[in-house]
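Structural description and commentary
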Amino acid sequence: MTRVLVPSGALGLNYDIVALERGLAEKPDIIAIDGGSTDSGPAYLGRGMSKYARASTKTEWKGLMEARAKAGVPLVIGTAGTCGTDQTVDWLLSITKEIAEETGAKLKVATLRCSQDPERLVEALNQGRIRPLDPAPEISPEILRDCTNIVALAGAEQIQAALDTGADIVIAGRTTDTAIIAALPLRNGANSGAAWHGAKIGECGALCATNPQSGVLMVEFDDNGFTVAPMAESSRSTPHTVSAHMLYENSNPFILFEPGGHLDVTEAKYQAKDDRSVRVTGSKWVPSDTYTVKLEGARQAGYQYVIPTLIRDARYVENISTWCDDITTRCREKVMQRLNLAAEDFSIELRVIGRDATLGALENRAETAAEVGVMGIVTAQSDELASEITKTLNPYLLHHPLTQEEEQPTFAFPFSPAELRRGECHEFCLNHVLVLDYPMEAFRLEVVEVGHG
């Protein structure tokens, strides 16, 4: 039997300290927490940075390091620093060293590095070892070389290799969300289907329970299945909350692909064990013929400025789409003429905040707001050019009339200057897998001693 304590869905989201203590009293065999994802877009991968504040990360990480010492078990984090690049692994390692020095702890830390050398991937592409997923953009050696960062998603085998070093703490780069939870149960001989299924259910902490904000969850694995229980006193798991999590970030609620195979929960049974926990059996693991890891890559997509304006005139709010379309057409023509640019050299987008901003053309609720915000987004291949185009857009957003015959209106800029510089922007450009001859082929494992006891 293997108990995995999951403090939260991600380091930086906070966790219930009382619930964590309750989890420690259950004597876990490992503490595992995720460090990030691609949820917030490509910039974090492109820049190799964390989206969470350093101070918040340090506070929560210190609490988990203290919990690890109290339980006497390994502490593992996957996708360190939001994106899991080598830079963010080093970022969290530096925080770990600080805490160790401040608390007088002496620790063995294993780092699993997942960043990829573009030239090695070009070689793999030429050998046919990079395969597209559906849907996948076209790639080329040039696109791989253009990426500012590429990571491979580690699975359970790579986390097991890190744990095998005897490390007190494992700081892993980009991993699948499930790998850090499934690794030890698989190593200890738990049912493979249960190990992967329980890891999927536990990946976001108490999101599979009635009080998701509490964060802390215990997943217990054995030869036949797994049991999941939230540690907060006010929270409970039900067959509904647990089974529903297979829908989370997953296009198929019955199949989940991982390095080395896929999970099939078609025949899984969910039963309430008591008023707080759920027992799951019947999950199956199906090994694949080849071992593949997913690649994530981001490249620079230009430079960007944002310019917002506020519209309260009822007639303009009612006809906001017409107004935006006219501005976009006129401003694009002026930019191409005055700056001698082709249409593909830049983009101008006007997003209406407060009406159709989320779903766009898919929105099916016809409601008229009292006011709307219009956010102009300008992207070009240099910062100077993006700034120049945004300033060309500025007078349109302040004074442009719906018709040429009416009096010139004046709208409201919330800031002065009106434009906000976003700097470099990035785009995802890979949705592919890399075929490996053996699991550690694309990864690097290092062990260091930190602190002083």
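On a predicted model such as this, the values are computed, not experimentally measured, just so you know.

Remarks on the sheet that holds strand 12 (residues 269–272)
Taken together, the 10 strands give an open sheet; going across it, the order is 12-13-9-8-1-2-3-7-4-20, and neighbouring strands pair in mixed fashion. The open sheet has two edge strands with one neighbour each: strand 12 and strand 20 (444–451). Recorded for the sheet is a direction-independent mean angle of 20 degrees between the axes of neighbouring strands. Taken together, the 3 bridges between strand 3 (residues 75–82) and strand 7 (residues 169–172) define a ladder with parallel strand orientation.

Quick word on the layout of surface pockets
Here the largest pocket is characterised by a volume of approximately 1,200 Å³. Put simply, the parts of the chain that give the lining of the largest pocket at least two residues each are strand 10 (255–258), strand 11 (261–264), strand 14 (284–287) and strand 15 (291–311). Classifying every residue of the lining of the largest pocket gives 13 nonpolar, 15 polar and 11 charged. Contributing to the lining of the second largest pocket are 22 residues, with Gly 9, Ala 10, Leu 13, Cys 204 and Tyr 248 lying nearest its centre. Residues belonging to the lining of the second largest pocket are distributed by class as follows: 8 nonpolar, 9 polar and 5 charged.

Remarks on the packing of helix 8 (residues 179–187) against helix 9 (residues 192–202)
As a packed pair, helix 8 and helix 9 sit with axes 8 Å apart at the nearest point and diverge in direction by 150 degrees. Comparing their axes, helix 9 and helix 8 come out roughly antiparallel. The two elements helix 8 and helix 9 cross, and the hand of that crossing is right-handed. Between helix 8 and helix 9, the residues in contact are Ala 179, Ile 181, Ala 182, Pro 185 and Leu 186 and Ser 192, Ala 195, Trp 196, Ala 199 and Gly 202, respectively. Its residues placed into classes, the contact of helix 8 with helix 9 shows 8 nonpolar, 2 polar and no charged.

Some words on unusual backbone geometry
Cis rather than trans, the peptide bond between Asp 134 and Pro 135 has omega equal to 0 degrees. Secondary-structure assignment places Pro 135 in the loop between strand 5 (130–132) and helix 6 (141–146). Residue Thr 79 is not a glycine yet carries a positive backbone phi of 50 degrees. If you trace the backbone, Thr 79 turns up in strand 3. Taking the relative accessible area as the measure of exposure, Thr 79 reaches 0% and is therefore buried.

Side note on the side chain of Thr 82
With respect to the secondary-structure elements, Thr 82 resides in strand 3. Sequence-distant contacts of Thr 82, that is, excluding residues within four places in its chain, are made with Gly 35, Gly 36, Ser 37, Tyr 44, Met 49, Ser 50, Lys 51 and Tyr 52.

Topic: the packing of helix 1 (residues 17–25) against helix 3 (residues 54–71)
In contact at an axis separation of 10 Å, helix 1 and helix 3 are set at 20 degrees when each is read in the N-to-C sense. Taken together, the axis directions place helix 1 and helix 3 in an arrangement best described as roughly parallel. In this structure, helix 1 crosses over helix 3, and the sense of that crossing is right-handed. Contacts between helix 1 and helix 3 pair Leu 20, Glu 21 and Leu 24 from the former with Leu 64, Ala 67, Lys 70 and Ala 71 from the latter. Within the contact of helix 1 with helix 3, the residues separate by chemical class into 5 nonpolar, no polar and 2 charged.

Topic: empty space enclosed by the protein
Throughout the structure, instances matching the rule amount to 2 cavities of 30 Å³ or more. If you trace the largest cavity, you find it lined by Ser 37, Thr 38, Gly 41, Tyr 44, Leu 45, Thr 82, Cys 83, Arg 174, Glu 296 and Phe 428. In terms of residue class, the lining of the largest cavity is made up of 4 nonpolar, 4 polar and 2 charged. For the second largest cavity, the calculated volume is near 40 Å³.

Details of helix 9
In terms of burial, helix 9 is a largely internal element, 10 of the 11 residues being buried. Looking only at helix 9, the buried set comprises Gly 193, Ala 194, Ala 195, Trp 196, His 197, Gly 198, Ala 199, Lys 200, Ile 201 and Gly 202. For helix 9, the N-terminal capping position is held by Asn 191, with its side-chain oxygen 3.0 Å away from the main-chain nitrogen of Gly 193.

Things to note about the environment of Gly 354
As for its position among the elements, Gly 354 is in the loop between strand 16 (346–353) and strand 17 (372–380). Taking the relative accessible area as the measure of exposure, Gly 354 reaches 59% and is therefore exposed. Along the primary structure Gly 354 and Val 372 are separated by 18 residues, whereas in three dimensions their C-alpha atoms are 5.2 Å apart. Excluding anything up to four places from it in sequence, Gly 354 contacts Ala 369 and Val 372.

Focus: the environment of Ala 100
Note that Ala 100 resides in helix 4 (residues 86–103). The sequence separation of Ala 100 and Lys 391 amounts to 291 residues, and the corresponding C-alpha distance is 50 Å. Non-local contacts of Ala 100, meaning those with residues more than four positions away in its chain, are made with Met 65, Ala 105, Leu 107, Val 450 and Gly 451.

Some details on the sheet that holds strand 11
The antiparallel open sheet is built from 3 strands, whose spatial order is 10-11-14. If you trace the sheet from one side to the other, it starts and ends with strand 10 and strand 14, each paired once. Sheet twist, expressed as the mean angle between neighbouring strand axes with direction ignored, is 20 degrees. In terms of strand pairing, strand 10 meets strand 11 through 4 bridges, oriented antiparallel. Looking at strand 11, one finds that Phe 257 is bridged to His 262. Where helix 9 meets the sheet, it contacts strand 10, strand 11 and strand 14, and its direction lies at approximately 105 degrees from that of strand 14.

Description of the pattern of salt bridges
As enumerated under the stated definition, the model contains 24 salt bridges in all. Residue Arg 279 pairs with Asp 222 through a salt bridge whose shortest N-O separation is 2.6 Å. Placement of the pair is Arg 279 in strand 13 (residues 278–281) and Asp 222 in the loop between strand 8 (217–221) and strand 9 (225–230), with a sequence separation of 57 residues. The salt bridge partner of Glu 349 is Arg 351, with a shortest N-O separation of 2.9 Å. Taking relative accessible area as the criterion, Glu 349 reaches 36% and is therefore assigned partly exposed. Since its relative accessible area comes to 37%, Arg 351 is described here as partly exposed.

What counts as what
- Residues numbered from 1 in each chain as written.
- Predicted model: local features only at pLDDT ≥ 70, side-chain atom pairs only at ≥ 80, totals over all residues.
- Heavy atoms only, no water.
- Pairing = 2+ DSSP bridges.
- Helix = DSSP H or I, 4+ residues; strand = E, 2+ residues; numbered from the N terminus.
- Axes fitted to C-alpha atoms, helices over the stretch in contact; angles between N-to-C directions.
- 1 Å grid on protein atoms, 1.4 Å probe; cavity = no way out; pocket = protein on both sides within 12 Å on 5 of 7 lines; lining within 4 Å.
- Points joined across faces, edges and corners; volume = space filled by probe spheres on them.
- Nonpolar A, V, L, I, M, F, W, Y, C, P; charged D, E, K, R; others polar.
- Parallel < 35°, antiparallel > 145°, perpendicular 65-115°, else oblique.
- Left-handed = near helix turned anticlockwise from the far one by under 90°.
- Contact = heavy atoms within 4.5 Å.
- Buried < 20%, exposed > 50% of the residue type's maximum accessible area, 1.4 Å probe, protein only.
- Polar contact = N/O pair within 3.5 Å; in protein donor to acceptor, adjacent residues only side chain to side chain.
- Salt bridge = Lys/Arg side-chain N within 4 Å of Asp/Glu carboxyl O.

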